[in-house]
Amino acid sequence: NAGVTQTPKFQVLKTGQSMTLQCAQDMNHEYMSWYRQDPGMGLRLIHYSVGAGITDQGEVPNGYNVSRSTTEDFPLRLLSAAPSQTSVYFCASSGLPLAGHEQFFGPGTRLTVL
Amino acid sequence: AQRVTQPEKLLSVFKGAPVELKCNYSYSGSPELFWYVQYSRQRLQLLLRHISRESIKGFTADLNKGETSFHLKKPFAQEEDSAMYYCALTSTDKIIFGKGTRLHILP
């Protein structure tokens, strides 16, 4: 099992550019989520999904879109990058219900927006 | 409201000294609590969960429902314990992370 994979590992964007952060898992997990990690702010939930075709907003969804067309994949799209989106992004997955299931995290994508 | 509080952003401890990372929670039901750890430039990974009541890498955590706490403890700190530690609470449909505590082990 590869677990949770993320691409790219690093990315530099200019303000206004768009891009997609990829996330995939091979554990047949129903639940997938995206977090951003900033110093002093901990992990903040951006979007999450409880299954294919179902997505919902987390704590900080503005400026980001997601889709879940398959169980395995959960891409995060930045529509028009802003310097405030400079962060480290983590994808996570787990079984359901959340209670009692461990979250498995990807290796992260370090994004810089100039 | 459901909430997880880690009061210390940074905790510096000498090697060999005891470690206690604090975690307090607010939840109306029966919570399931976890500690996750992130070593430098690595992904977050599960350290331990209260249900299993086990010791991992010398760390233990006891759920105290009266004090609504789930503090992480280790009797003798090691240099390799330096990392970011997150306390997390899960309910049926939600997971809430604390803001994390950076543990720095001094030589």
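Residues numbered from 1 in each chain as written. Chains lettered and ligands numbered in written order. Predicted model: local features only at pLDDT ≥ 70, side-chain atom pairs only at ≥ 80, totals over all residues. Heavy atoms only, no water.

## As for the pattern of salt bridges
Where charged atoms from two side chains of opposite charge approach closely, those side chains can pair. For the structure on display, the rule yields seven salt bridges over all chains. The partner of B:Lys74 in a salt bridge is B:Asp81, and the shortest N-O contact between them spans 2.9 Å. You can call B:Asp81 buried: its relative accessible area is 2%. Among the ionic contacts, a cluster of salt bridges with common partners joins A:Arg36, A:Asp38 and A:Arg44. (Salt bridge = Lys/Arg side-chain N within 4 Å of Asp/Glu carboxyl O. Buried < 20%, exposed > 50% of the residue type's maximum accessible area, 1.4 Å probe, protein only.)

## Focus: the sheet that holds strand S3 (residues 19–25) of chain A
All names here are of chain A. The antiparallel open sheet is built from four strands, whose spatial order is S1-S3-S8-S7. Sheet topology places strand S1 (4–7) and strand S7 (64–66) at the edges, where each strand pairs with a single neighbour. Between one strand and the next, the sheet's axes are offset by a mean angle of 20°, whatever the strand orientation. Pairing analysis gives four bridges linking S1 to S3, with the strands arranged antiparallel. Within the sheet, the bridge partner assigned to Thr7 lies in S3 and is Gln22. (Pairing = 2+ DSSP bridges. Helix = DSSP H or I, 4+ residues; strand = E, 2+ residues; numbered from the N terminus. Axes fitted to C-alpha atoms, helices over the stretch in contact; angles between N-to-C directions.)

## What about the interface of chain B and chain A?
Contacts between chain B and chain A engage 19 residues on the former and 20 residues on the latter. Note on chain B versus chain A: buried area summed over both sides is about 1,800 Å², and carbon and sulfur give 54% of it. Remark: the boundary between chain B and chain A carries one salt bridge. Of the charged contacts, one joins B:Arg49 and A:Glu102 as a salt bridge, the two residues approaching to 3.7 Å between their closest N and O atoms. Our count for the chain B to chain A interface comes out at six residue pairs in polar contact (both at pLDDT 80 or more). Secondary structure elements with two or more residues in the side of chain B that touches chain A: strand S5 (32–38), strand S6 (45–49), strand S9 (83–90) and strand S10 (95–97) of chain B. Considering each element in turn, the side of chain B that touches chain A owes the most residues, four residues, to S5(B). For the side of chain B that touches chain A, the residue count by class is seven nonpolar, four polar and eight charged. (Contact = heavy atoms within 4.5 Å. Buried area = accessible area lost by both parts, 1.4 Å probe. Polar contact = N/O pair within 3.5 Å; in protein donor to acceptor, adjacent residues only side chain to side chain. Nonpolar A, V, L, I, M, F, W, Y, C, P; charged D, E, K, R; others polar.)

## Quick notes on the state of the cysteines
Counted by the stated rule, this structure contains two disulfides over all chains. With a sulfur-sulfur separation of 1.8 Å, A:Cys23 is cross-linked through a disulfide to A:Cys91. Between A:Cys23 and A:Cys91 the disulfide shows an S-S torsion of about -70°. By sign, it is left-handed. Of this pair, A:Cys23 sits in strand S3 while A:Cys91 sits in strand S9 (residues 87–94), placing them 68 residues apart in sequence. Here A:Cys23 and A:Cys91 have matching classes, each one buried. Paired by a disulfide, B:Cys23 and B:Cys87 hold their sulfur atoms 2.0 Å apart. Since a negative S-S torsion denotes a left-handed disulfide, the B:Cys23-B:Cys87 link at about -65° is left-handed. Taken together, the positions of B:Cys23 in the loop between strand S3 (19–21) and strand S4 (24–26) and B:Cys87 in strand S9 put the pair 64 residues apart, joining distant regions of the chain. Using a relative accessible area of 0% as the deciding quantity, one classes B:Cys87 as buried. (Disulfide = S-S within 2.5 Å.)

## Concerning the nonpolar core
In terms of nonpolar packing, the biggest core is built from 25 residues, with B:Trp35, B:Leu72 and B:Tyr85 touching the most fellow members. At the level of secondary structure, the elements contributing two or more residues to this core comprise strand S2 (10–14), S3, S5, S6, S9 and strand S11 (101–106) of chain B. Discounting chain neighbours no more than four positions away, the residues touching B:Leu72 are B:Val19, B:Glu20, B:Leu21, B:Trp35, B:Leu47, B:Leu48, B:Phe59, B:Thr60, B:Ala61 and B:Tyr85. If you look at the next biggest cluster of nonpolar residues, it comprises 19 residues, including A:Val4, A:Met19, A:Leu21 and A:Tyr89. (Core = buried A, V, L, I, M, F, W, Y, C linked by side-chain atoms within 4.5 Å.)

## What to know about the sheet that holds S3(B)
Taken in spatial order, the three strands make up an open sheet running S3-S8-S7 (chain B), and their pairing is antiparallel. Of all strands in the sheet, those with a lone pairing partner are S3 and strand S7 (60–61) of chain B, marking the two edges.

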